[in-house]
Amino acid sequence: MIEKAEVLVSSPGRNFVTLRITTDDGVTGLGDATLNGRELAVAAYLREHVVPLLVGRDAHRIEDTWQYLYRGAYWRRGPVTMASIAAVDTALWDIKAKVAGLPLYQLLGGRSRNGLLVYGHASGAELPELFDSIREHQDEGYRAIRVQTGIPGLPSVYGVASSANARAGADAGTDERYDYEPARRNAVPVEESWDTRAYLRHIPGVFEAVRNEFGPELPLLHDGHHRLTPIQAAKLGKSLEPYDLFWLEDVTPAENQDALRLVRQHTTTPLAIGEVFNTIWDYKTLIEEQLIDYVRSPITHAGGITGLRRIFDYASVYQIKSGIHGPTDVSPVGLAAAIHLGLAIPNFGIQEYMQHAPATHDVFHTTYSFAGGMLDASEEPGLGVSYDDEAAASFPYEAAYLPVNRLLDGSMHDW
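A few points on the structure. (Residues numbered from 1 in each chain as written. Predicted model: local features only at pLDDT ≥ 70, side-chain atom pairs only at ≥ 80, totals over all residues. Heavy atoms only, no water.)

## Description of the overall build of the chain
Then, number 1: Counting its secondary structure elements, the chain contains 14 helices and 20 strands.
Then, number 2: For 415 residues, the compact-globule estimate of 2.2 N^0.38 gives 22 Å, and the C-alpha radius of gyration of the chain, at 21 Å, lies within 12% of that figure.
Then, number 3: With respect to the principal axes defined by its C-alpha atoms, the chain has extents near 60 × 45 × 45 Å.
Then, number 4: Residue burial in the chain is summarised as follows: out of 415 residues, 57% are buried.
Then, number 5: Considering only intrachain contacts with a sequence separation of at least 6, the fraction spanning at least 24 residues in the chain is 72%. (Helix = DSSP H or I, 4+ residues; strand = E, 2+ residues; numbered from the N terminus. Rg over C-alpha atoms; globule rule 2.2 N^0.38 Å. Buried < 20%, exposed > 50% of the residue type's maximum accessible area, 1.4 Å probe, protein only. Contact = heavy atoms within 4.5 Å.)

## A short note on the pairing of strand E5 (residues 145-149)
Two faces belong to every sheet, and in a regular strand the side chains alternate between them.
Then, number 1: Counting buried positions along E5 yields five of five residues, so the element is predominantly enclosed.
Then, number 2: Across five bridges, strand E4 (residues 116-124) lies against E5 in parallel orientation. Considered in E5, the bridge of His 121 is made with Arg 146.
Then, number 3: For the handedness criterion, the β-α-β arrangement of E4, helix H5 (residues 127-140) and E5 is classed as right-handed.
Then, number 4: Here E5 runs beside strand E8 (residues 220-223); their pairing, made up of two bridges, is parallel. Bridging across to E8, Ile 145 finds its partner in Leu 220. (Pairing = 2+ DSSP bridges. Right-handed = clockwise from strand over helix to strand, strands pointing away.)

## Things to note about the side chain of Glu 352
Then, number 1: Take Glu 352: it is sitting in strand E13 (residues 351-352).
Then, number 2: Here the side chain of Glu 352 touches His 121 through a polar contact of 2.6 Å, side chain to side chain.
Then, number 3: Once you skip the residues sitting within four places of it in the chain, Glu 352 turns out to touch Tyr 119, His 121, Arg 146, Arg 296, Ile 324, His 325, Gly 326, Pro 327 and Leu 335. (Polar contact = N/O pair within 3.5 Å; in protein donor to acceptor, adjacent residues only side chain to side chain.)

## What to know about the packing of aromatic side chains
Then, number 1: Per the counting criterion, the structure on display carries 16 aromatic pairs.
Then, number 2: An aromatic cluster is present here, built from Tyr 119, Phe 246, Trp 247 and Tyr 294 joined pairwise through their rings.
Then, number 3: The ring of Tyr 105 carries the charged tip of Arg 111 above its face, separated from the ring centre by 4.8 Å.
Then, number 4: The ring of Trp 66 has Arg 310 sitting right over it, with the charged end atom 4.7 Å from the ring centre. (Phe/Tyr/Trp six-rings, centres within 6.5 Å; stacked < 30°, edge-to-face > 60°. Lys NZ or Arg CZ within 6 Å of the ring centre and 35° of its normal.)

## Points about the sheet that holds strand E20 (residues 412-413)
Then, number 1: Reading across the sheet, the three strands line up as E7-E19-E20 and stay open at both edges, with mixed pairing between neighbours. Bordering the open sheet on either side are strand E7 (191-194) and E20, each of which pairs with just one other strand.
Then, number 2: Of the strand pairs in this sheet, E7 and strand E19 (residues 404-407) are connected by four bridges, and their pairing is parallel. Pairing of Glu 191 across the sheet is with Val 404, part of E19.

So, to be careful, I would describe these as geometric facts and stop short of saying anything about function.
As structure tokens, then:
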């Protein structure tokens, strides 16, 4: 039985919300409930509405608990609700695997592969800096790389580190962003500006230069970050076809799932969608009509291992693969859960992997490994992640927000 559930908020490098469930036998499980810029909303939802429902429940009835929290709330879906359910679900899977004495992936059907191919984030304000970042990632072992670059005339662009020293600064424990942590510690979101025409003119030349420098074999990815209309997204996908992208990500806001039909009609560039999606219903049309190639939701925001596994099983019928979101605002608990799920599912595609700052690993002690461009879980029972309360106490919550975006005329735009 569940004896207690604790909501742990800490900020080692950035803000995280962690749920720790303890059974009456003393077994603990961890779940990630982090929602970037809305962490305290999830923490309150957990403390005030979910934790009181958990005490006394059978910790091994994972599916029943998932249905209880999803259907029982009446007001379903949404990022706060689904992040809370994800934390409970992941923590219960952690407990079940520990009781079984097995790494979690074994309870999901065992290995379907030896490790997970990952991609890293290379960026640069201009080409020389971008090329240096790509080489640095290759030196670290990455065999697939996302490419983001500055746009002439725009002072700050999504996906580009704030300076050449940003990553080193974060590693040294300063408040500098590392490559790439967009949330900035501030009382209100920072405002950035955007010019779609400048972006569409500039990006094809960047990928031409990258291909000329690094050759045809290196898998390249790019994130449009919801900023384009469907016809603009179609134009971008078509213009990038000569450079053989692994995928083009979030080219247009996909809440309007029908919009992807237009994009699909005009380009054969593979499409990845869904890091802001929370349930299988967000993907229904996209999957059934094969309008995308990769599902991007993280375990943390899609209802946990149970919720995301359901989405992947549905996607596999249509030959659509996984591409689990893995930024630094998904904690090592969420990343570990993604590794275990990725090892087990038959339709794995690729795993995003941004390495957390050293301060994060002072709080979250991990056993997963990265070598040869691949992530792998350890054989430790459960997720293989523990939480250091003493270290966490030295990193209190501090408000931080993702930026907001305005067009050059001052009107609000998608960030």
